[in-house]
Amino acid sequence: MSKIGRNDMCPCGSGKKYKKCCLGKETSAVESIMRLVTTEESAATVAVAEKPEAAAIPEAKLTLTTLKKKVSRDLKWEHPAHEQLALHLIETMRDSYDRELIWEGLVLWNGYSRHIKPAVKKMGSFCAAIEFILSEEYGFLQTQADLAIKHEVTAPTISRKVKEMLNYIEQYGMGGAEEELLLLNVSGTPKDQEQALLQKAMETKASNRRIQLAEAALEVYPDSPDAYLILAEEAENEADARAYLKAGMEAGARELGEAFFTENKGHFWGLYETRSYIRICKSYADSCWFSGNAEEAQKTLEHILELNPEDNTGARYLLTATYLYTNKLKKTEKVLEKFGKDAAATVAYDRMVLEYKKNGITSQLKMLYRVAKNVNKHVPDYLLGIKRLPHNLPDFVGVGDANEAIEYVIVHSRLWTSLPDLVKWMLKQQD
């Protein structure tokens, strides 16, 4: 018997391809967590043949020889026994399965073996589990009892290996060999390959998978600030995140080159290739500020403004906080004067802090406080604890809204914690 190909017209008469129509209604739930190969090569027709000769594929497609070369040349292996099992898998599947489907099995085994690092005592148990998972995926109705006979192992052993592999698939999605698949199918420079891997990382929600793809991007293109930014986002603690961000800044500087900085300083943001560098510099400054290193944050933010004086990334807002925190009042004044027409809550409330630091409690301070409340009336509620702050910064901020107030108070909390008398004064103004 033969199976309808994923790219064939659906037999229901809808006029759509089978994979876009009835395939999802007939296959098992495994399909929802497993998509091992997404390239044009692997999206070819998948079929089971009654006879070995029916499985022959045109020379332009995968052949057994090509599969063996891919195993030895294109896929990385943690242990020689894992590679030997891959070659054995080809032999056990060659007479019953399409070559593209065998390749899917090899991808699954490669990713699983690299992450789990299993000891291989009986090749048959792993081969049977892989074959069962693919059978479930494509509706071949292979039972574990049948596979136990074929591979000379017990059904409970197959069941256990299947469970382990499905747990792996749930955690890592498409499999640990996806980066190899991407690189094999992306032509061009290492930068092109890096971009393909990073795009896949952006589409992935699983933390482990994002880390894996970012690390793969760095393997092919070491000067990738965006890859380091992903690693920082997924880091387990702030110190590790900051180390990744610093490494990303250094990578971005190498990527652009010293001559580029000299030639383009002052209009960086207008050049697309600078965006990754500016972004990671800003993230590093944020991390330094929140960890208590105001001076390092200042240094990085000043660097951003030198490169991009128009400040499209809003570096000035945190810079004024660091200046006020370290009592660099003249520098604060210069920044506020340059961006004096800015209607942001940061500008209004930082003007108030500047006045307090220079002159204490004055009538001018009272006037600036009234102005600040007109700009954003929500800040005092969050600053004075009348309303509870959320744990994270808001995704969207609007001028004068509660989210702007939340962002201001969270980002400036270190500054305001150092001003207990000003906070007490503000509290009295609430009466």
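Here the residue numbering is sequential within each chain, running from 1 through the sequence in written order. With pLDDT at 70 or above as the cut-off, local features in this predicted model cover only qualifying residues; side-chain atom pairs require 80 or more to be listed or tallied, and sums for whole chains, interfaces and linings still use all residues. Hydrogens and water are ignored here; the side-chain numbers use all heavy atoms of the structure.

- The protein chain has the name Tetratricopeptide repeat-containing protein in an unreviewed UniProt entry, where Paenibacillus odorifer is given as its organism.

## Quick notes on the overall build of the protein chain
Move 1: The number of helices and strands found in the protein chain is 23 helices and zero strands.
Move 2: A buried classification covers 49% of the 431 residues belonging to the protein chain.
Move 3: Looking at the protein chain alone, contacts between residues at least 24 apart form 63% of all its contacts between residues at least 6 apart.
Move 4: Surface accessibility of the protein chain: about 21600 Å² in total, with carbon and sulfur atoms responsible for 50%. Numbering of helices and strands runs from the N terminus, with a helix taken as a DSSP run of H or I at least four residues long and a strand as a DSSP run of E at least two residues long. We call a residue buried when its accessible area falls under 20% of the maximum for its residue type, exposed when it is over 50%, and partly exposed in between, using a 1.4 Å probe and counting protein chains only. The contact definition used throughout considers only heavy atoms, calling two residues in contact when any of these lie within 4.5 Å. Only the protein chains shown count as cover for residues, and all accessible areas are computed by the Shrake-Rupley method using a 1.4 Å probe.

## Some remarks on the packing of aromatic side chains
Move 1: Stacked, tilted and edge-to-face pairs are distinguished by plane angle, under 30 degrees for stacked and over 60 for edge-to-face with tilted covering the rest, among Phe, Tyr and Trp rings (Trp via its six-membered ring) whose centres lie within 6.5 Å. This structure, assessed with the given rule, holds 12 aromatic pairs.
Move 2: Taking the centre distance of 6.0 Å and the plane angle of 35 degrees together, the rings of Trp-109 and Tyr-112 count as tilted. Pair noted here: Trp-109 and Tyr-112 are both in helix H4 (residues 99-116), with a separation of three residues, about one helical turn.
Move 3: According to the relative accessible area criterion, Tyr-112 is buried, its value standing at 2%.
Move 4: Look at Phe-261 and Phe-268: their rings are 5.3 Å apart centre to centre, the planes differ by 40 degrees, and that puts the pair in the tilted class.
Move 5: The class of Phe-261 is buried, set by a relative accessible area of 14%.
Move 6: Put simply, the rings of Trp-109, Tyr-112, Phe-126 and Tyr-168 pair up and form one aromatic cluster.
Move 7: In our convention, an over-ring charge means Lys NZ or Arg CZ found within 6 Å of a ring centre and within 35 degrees of that ring's normal. Over the aromatic face of Phe-339 sits the side chain of Arg-316, whose NZ or CZ is 4.4 Å from the ring centroid.

## Concerning the confidence of the model for the protein chain
Move 1: pLDDT expresses, on a scale from 0 to 100, how confident the predictor is about each individual residue. Residue-level pLDDT values for the protein chain average 81, and 82% of them are 70 or greater.
Move 2: Segment residues 1-60 is flagged for pLDDT under 50; beyond a separation of four residues in sequence, or across chains, it makes 113 contacts in the model.

## Overview of the environment of Arg-99
Move 1: Take Arg-99: it is sitting in helix H4.
Move 2: The spatial distance from the C-alpha of Arg-99 to the C-alpha of Leu-64 is 7.2 Å, given a sequence separation of 35 residues.

## Overview of the side chain of Lys-282
Move 1: Mapped onto the elements of the fold, Lys-282 is located in helix H14 (residues 275-291).
Move 2: Judged by its relative accessible area of 17%, Lys-282 is buried.
Move 3: Apart from residues no more than four positions distant in its own chain, Lys-282 is found in contact with Leu-301, Ile-304, Thr-313, Gly-314 and Ala-315.

## Digging into the packing of helix H2 (residues 64-74) against helix H3 (residues 80-93)
Move 1: Between N-to-C directions, angles span 0 to 180 degrees; the directions come from axes that are lines fitted to C-alpha atoms, helices contributing only their stretch in contact. H3 packs onto H2 with a crossing angle of 165 degrees between their chain directions and a minimal axis gap of 10 Å. One finds that H2 runs roughly antiparallel with respect to H3. Where H2 crosses over H3, the handedness of that crossing is right-handed. Two secondary-structure elements touch here, H2 through Leu-64, Leu-67, Lys-68, Val-71 and Ser-72 and H3 through Glu-83, Ala-86, Leu-87, Ile-90 and Glu-91.
Move 2: When residues are sorted by character, Ala, Val, Leu, Ile, Met, Phe, Trp, Tyr, Cys and Pro go into the nonpolar class, Asp, Glu, Lys and Arg into the charged class, and all the rest, Gly among them, into the polar class. Considering only residue class, the contact of H2 with H3 consists of six nonpolar, one polar and three charged. The scheme is simple: roughly parallel for angles under 35 degrees, roughly antiparallel for over 145, roughly perpendicular for 65 to 115, oblique for anything else. Left-handed describes a crossing whose near helix is turned anticlockwise from the far helix through less than a right angle; right-handed describes the clockwise counterpart.

## Quick notes on the packing of helix H18 (residues 345-359) against helix H19 (residues 363-375)
Move 1: Interaxial distance between H18 and H19 falls to 9 Å at its minimum, and their mutual angle equals 165 degrees. The angle between H18 and H19 places the two elements in the roughly antiparallel class. For the crossing formed where H18 meets H19, the hand is left-handed. Together, Ala-345, Ala-348, Tyr-349, Arg-351, Met-352, Glu-355 and Tyr-356 of H18 and Gln-364, Leu-365, Leu-368, Tyr-369, Ala-372, Lys-373 and Val-375 of H19 make up the contact between the two elements.
Move 2: For the contact of H18 with H19, the residue count by class is 10 nonpolar, one polar and three charged.

## Some words on H19
Move 1: With 13 residues, H19 ought to run about 18 Å at 1.5 Å a step, and its terminal C-alpha atoms sit 19 Å apart, in line with that.
Move 2: Packed against the buried residues of H19 are H18, helix H20 (379-383) and helix H23 (420-429). Take the number of residues in a helix, subtract one, and multiply by 1.5 Å to get its expected span.

## Quick word on helix H9 (residues 190-203)
Move 1: For H9, with 14 residues, the first-to-last C-alpha span of 20 Å sits near the 20 Å given by 1.5 Å per residue.
Move 2: Along H9, the positions that sit buried rather than exposed are Gln-193, Glu-194, Ala-196, Leu-197, Leu-198, Lys-200 and Ala-201.

## So, the pattern of salt bridges
Move 1: Only one rule defines a salt bridge in this text: a Lys or Arg side-chain nitrogen within 4 Å of an Asp or Glu carboxyl oxygen. Taken as a whole, this structure holds 18 salt bridges when the rule is applied.
Move 2: Across the pair Glu-295 and Lys-328 runs a salt bridge, and its minimum N-O distance is 3.2 Å. On the criterion of sequence distance, the pair formed by Glu-295 in helix H15 (residues 294-307) and Lys-328 in the loop between helix H16 (315-325) and helix H17 (329-338) is long-range, its members being 33 residues apart.
Move 3: By relative accessible area, which is 25% here, Lys-328 ends up partly exposed.
Move 4: The salt bridge involving Glu-333 is made with Lys-358; its shortest N-O contact spans 2.5 Å. Of the two residues, Glu-333 sits in helix H17 while Lys-358 sits in helix H18, which places them 25 residues apart along the sequence.
Move 5: On the basis of relative accessible area, Glu-333 is assigned to the partly exposed category, the value being 23%.

## A few points about the nonpolar core
Move 1: Residues Phe-268, Tyr-277, Trp-289 and Leu-301 are the most contacted members of the largest nonpolar core, which totals 45 residues.
Move 2: Among the elements that take part in this core, H14 stands out by supplying eight residues, more than any other.
Move 3: Setting aside residues up to four positions removed in sequence, Leu-301 forms contacts with Lys-282, Ala-285, Ala-315, Leu-318, Leu-319 and Thr-322.
Move 4: Formed by 38 residues, the second largest nonpolar core is a distinct cluster that contains Ala-86, Ile-90, Phe-140 and Val-153. The criterion is simple. A nonpolar core is a set of buried Ala, Val, Leu, Ile, Met, Phe, Trp, Tyr and Cys residues joined through side-chain atoms within 4.5 Å.

## With respect to the side chain of Thr-92
Move 1: One can find Thr-92 in helix H3.
Move 2: The class of Thr-92 is buried, set by a relative accessible area of 17%.
Move 3: For the purposes of these results, a polar contact is taken to be a pair of N or O atoms within 3.5 Å, where, inside protein, one atom must be able to donate a hydrogen and its partner to accept one; residues adjacent in sequence count only when each atom of the pair is a side-chain atom. At 2.9 Å, the side chain of Thr-92 and the backbone oxygen of Leu-89 are in polar contact.
Move 4: Contacts of Thr-92, omitting those with residues within four sequence positions, involve Cys-127, Lys-150 and His-151.

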